[in-house]
Amino acid sequence: MLQKLRDLSVNLTVYGVGDVAVQLANFILLPLYARILSPSDYGVIGVLLVVEQALRVLYRWGIDAAFMRSYYDCADDEARRLLASTLFFFLLAVSGTVLCLGVAAAPWASRELFGSPVWTTPVRLVFINAFLGCVSFLPFHVLRIEGRAATFVKLTFTANVATLLGKLLFVAVLRMGVPGVYWADFVVAIGIGLVLLPRYAALIRPVFSADVLRSCLAFGLPRVPHSVAHQVVAGIDRFVLNLYVPQSAVGVYQVGTSLGLGLKLFLSAFETAWAPFYFAEMTHPDAKTTFRTVTTYGVFVLALLASGLAATSGDIVRLMTEPRYFGAAAVVPWIGLSVVLQGVYLLTSIGLNITKRTIFYPVSTGLAAATAVALNFVLIPRFGMMGAAWSNAAAYGVLAVSGFAFSQAVYPIRYEWDRLWRIAAAGVLATLAGTVIVPAGVWPLWGILLRGSTVVVVFLGTLILLGFFQPREINRVRQVVRSLRQAGTAKDRAAAKAAAEEGGTLHD
């Protein structure tokens, strides 16, 4: 099992490097954007981001997940090409129709969302960009399935860097404002499409199978209401805020949400590596033991990151923005908690995919969406941004609990509950320590360093005191350290020997 976990960790690291680097660059550029874009501009971007995420779900009809699951059942390359071609032509016809309708209705959508047709161009670009991305999953999924992580990261990293540079050009240099954000996305989407043409040529043939389509839709369509409900959970807060508070307040909330969602750097990288891993692992005798261990350490990482984010949120906002955005700090910890709960759901609901009981997905997300809608309409009129943040966290809590319960009913796994509760306790104590011990008002960078260090020390110290780390795990770490030390010593000796030999040659 150790080797399997090591392989997953390597893939997680590889998949995460590109996203981390680009998101770090985005983070560094946040002060620049905060001075160019007004809170009202951020409010528009926040609403359009939710629209784009919903369109990505609608355009794909759930068959992106069906493609990955069915790919493992294909007997040969011919069957795989038939699968890919069938889904490609289906998406081209059906989603292309949705695109045409959306582009035509963009002026109406702009008036309904923002009270003015002035945002028609960004709305149209959102429909176009989401469509261009809807078929790109085919070659990217194949790379993930085949374990070609380096190629996957090279392509996604290039796309992310190009998007970053494009937004810098259109927004910061050309001062195109909100439309510039989406023109940058459009240019990069076209470029990536051209780069992927050879990979499409290897996958797509002029063939189509109604039986393959029916099978994929049977697997994927139950995920459509699930995915739509998931987007309701993720985005209803900004829509309801848009009804009750000024657009500038929506923009402040969007900044806080963006910072809180920084935890998804880890979660997104993990999700990319996780699905191919558990599909490949599911037939092994010790699969459930592996899944249990991954869950424990996945929650460990999420809890530590969330604690650090919650303790340093005020310092981060003060360092990266200006006073008109400082109110965003209050919502960051709650958004971080939402990401943790989403991670728990991702880790503990895999039984539904493994057993193909995907019909339970829309039930789980439907419960979460109903919670999100009800709480947002109840809490936002009274508490504003904080009501939205609380509603978001509560909805993801319902999602995590219900997804776990349904998965356990069809694919029970005995999780390490005693260790998971210790992680939760350590996270709470570390957050409180980082918030209380370091005084308020210190220079933001010092605050981040001091609070972050406090969180790490208290988190790990609490787990040591609670006996979280097991002897075999400690011995394993010691073996790794000893191996690294021995490798370093051997390297030093070799270098010294080489230098002596080189010196002797020169002397002679």
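In case you missed it, the structure is sitting above this.
One structure accompanies this document, and this report is about it. (Residues numbered from 1 in each chain as written. Predicted model: local features only at pLDDT ≥ 70, side-chain atom pairs only at ≥ 80, totals over all residues. Heavy atoms only, no water.)

### Some thoughts on a nonpolar patch on the surface
For clarity, the cut-off: Candidates for patches are residues over 30% relative accessible area with no salt bridge; among them, like charges are joined within 9 Å and nonpolar side chains (Val, Leu, Ile, Met, Phe, Trp, Tyr) within 5 Å. Per-residue accessibility takes into account occlusion by the displayed protein chains alone, with areas from the Shrake-Rupley method and a 1.4 Å probe. We count a salt bridge whenever a side-chain nitrogen from Lys or Arg sits within 4 Å of a carboxyl oxygen from Asp or Glu. The helix and strand labels rest on DSSP assignments: H or I over at least four residues marks a helix, E over at least two residues marks a strand, and numbering proceeds from the N terminus.
On the surface, Leu319, Trp443, Leu445, Trp446, Leu449 and Leu450 cluster together into a nonpolar patch covering about 600 Å² of accessible area. Residue contributions to the nonpolar patch peak at four residues, all from helix α21 (residues 444-465). By secondary structure assignment, the location of Leu445 is in helix α21.

### A few points about the environment of Pro139
This is how it is decided: Only protein chains enter the accessibility calculation, which uses a 1.4 Å probe; a residue is then buried when its area is under 20% of its type maximum, exposed when over 50%, and partly exposed in between. It only takes one pair of heavy atoms within 4.5 Å for two residues to be counted as in contact.
Turning to its location among the elements, Pro139 is positioned in helix α7 (residues 137-145). You can call Pro139 buried: its relative accessible area is 3%. Sequence spacing of Pro139 and Leu197 is 58 residues, and the spatial spacing of their C-alpha atoms is 9.6 Å. When near neighbours in sequence (up to four residues on either side) are disregarded, Pro139 contacts Leu196, Arg199, Tyr200 and Leu203.

### Looking at the pattern of salt bridges
Enumeration according to the criterion identifies 10 salt bridges in this entry. As a salt-bridge pair, Asp315 and Arg451 come within 2.6 Å of each other at their nearest N and O atoms. One end of the pair, Asp315, is in helix α15 (residues 287-320); the other, Arg451, is in helix α21, with 136 residues separating them in the sequence. The same class applies to Asp315 as to Arg451, namely buried. Residues Glu416 and Arg419 are paired through a salt bridge, measuring 3.3 Å at the closest nitrogen-oxygen approach. Relative accessible area serves as the criterion here: at 3%, Arg419 is assigned to the buried category.

### Considering the packing of aromatic side chains
Each aromatic ring pair is described using two quantities: the centre-to-centre distance and the angle formed by the ring planes. What counts, and what does not: Two rings belonging to Phe, Tyr or Trp (six-membered ring only in the last case) form a pair when the distance between their centres is within 6.5 Å. Interplanar angles under 30 degrees mark stacking, angles over 60 mark edge-to-face geometry, and anything in between is tilted. Lysine and arginine charges are scored as sitting over a ring when NZ or CZ, respectively, is within 6 Å of the ring centre and within 35 degrees of the ring normal.
Inspection of the entire model under this criterion finds 19 aromatic pairs. Between Phe114 and Trp119, the ring centres sit 6.5 Å apart and the planes meet at 70 degrees, which makes this aromatic pair edge-to-face. Assigned by exposure class, Phe114 and Trp119 land together as buried. Measuring from centroid to centroid gives 6.3 Å for Phe300 and Phe469, while their planes differ by 75 degrees, and the two rings are edge-to-face. One end of the pair, Phe300, is in helix α15; the other, Phe469, is in the loop between α21 and α22 (471-507), and 169 residues separate them in sequence. Its relative accessible area of 27% is what places Phe469 among the partly exposed residues. Of the aromatic side chains, those joined through ring pairs into one cluster are Tyr297, Phe300, Phe459, Phe468 and Phe469. Lys288 extends its terminal NZ or CZ atom over the ring of Tyr411, reaching a point 4.6 Å from the ring centre.

### Considerations on the packing of helix α13 (residues 247-260) against helix α19 (residues 385-410)
Geometry of a packed helix pair, given as the angle between the helix axes and the separation of the axes. Selection criterion: Fitting a line to C-alpha atoms yields each axis, with helices limited to the stretch in contact; the angle taken between N-to-C directions then spans 0 to 180 degrees. For classification purposes, angles smaller than 35 degrees are called roughly parallel, those larger than 145 roughly antiparallel, those between 65 and 115 roughly perpendicular, and all remaining angles oblique. Put simply, a crossing is left-handed when the front helix is turned counterclockwise from the back one by less than a right angle, and right-handed when it is turned clockwise. Here the term charged refers only to Asp, Glu, Lys and Arg, the term nonpolar to Ala, Val, Leu, Ile, Met, Phe, Trp, Tyr, Cys and Pro, and the term polar to all other amino acids, Gly among them.
For the pair α13 and α19, interaxial distance at closest approach is 10 Å and the crossing angle is 45 degrees. Between α13 and α19, the angle is such that the two are oblique. Handedness of the crossing formed by α13 with α19: right-handed. Contacts between α13 and α19 pair Ala249, Val252 and Tyr253 from the former with Met385, Ala388 and Ala389 from the latter. Of the residues that constitute the contact of α13 with α19, the class distribution is six nonpolar, no polar and no charged.

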